[in-house]
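Spelled out, the chains give:
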Amino acid sequence: MKKNFPAWLTLAAALALIVLGIVQKQPAQVLAKAIRVCMECVGIG
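Given the structure is predicted, the values throughout are model-derived calculations rather than measurements.

**Notes on the overall build of the protein**
Phase 1: Scanning the protein from terminus to terminus reveals two helices and zero strands.
Phase 2: Structurally, the protein occupies a C-alpha span of about 55 × 20 × 5 Å along its principal axes.
Phase 3: Relative to its full complement of 45 residues, the protein shows a buried share of 2%.
Phase 4: Put simply, the protein shows about 4,200 Å² of open surface, and 75% of that area lies on carbon and sulfur atoms.

**Quick notes on the state of the cysteines**
Phase 1: Tallying each qualifying case throughout the model produces zero disulfides.
Phase 2: There is no disulfide at Cys38, and the cysteine sulfur nearest it, in Cys41, is 6.4 Å away.

**Let's talk about helix H2 (residues 26–42)**
An α-helix turns once every 3.6 residues. As a result, residues three or four positions apart point the same way.
Phase 1: Between its terminal C-alpha atoms H2 stretches 25 Å, which fits the 24 Å expected from 17 residues at 1.5 Å a residue.
Phase 2: Following H2 by one or two positions, Gly43 adopts a phi angle in the positive range, close to 100 degrees.

**Structural notes on helix H1 (residues 5–23)**
Phase 1: Taking 1.5 Å of rise per residue, the 19 residues of H1 would be expected to cover 27 Å, and the 27 Å separating its terminal C-alpha atoms lies within 8% of that figure.
Phase 2: Following H1 by one or two positions, Lys25 adopts a phi angle in the positive range, close to 65 degrees.

Reading the values: the criteria
- Residues numbered from 1 in each chain as written.
- Predicted model: local features only at pLDDT ≥ 70, side-chain atom pairs only at ≥ 80, totals over all residues.
- Heavy atoms only, no water.
- Helix = DSSP H or I, 4+ residues; strand = E, 2+ residues; numbered from the N terminus.
- Buried < 20%, exposed > 50% of the residue type's maximum accessible area, 1.4 Å probe, protein only.
- Areas by Shrake-Rupley, 256 points an atom, 1.4 Å probe, with all protein chains shown as cover.
- Disulfide = S-S within 2.5 Å.
- Expected span 1.5 Å × (residues − 1).

This is the structure:
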């Protein structure tokens, strides 16, 4: 367990931040920005 402690700690922190982002409705904002960037690259937006 001692060898894997940093890995488990990193995994726990990542999961906590993912849950926090979902609670704050961040996925919708990220998707909207990604769509906007893609549209600009293609030349539509």
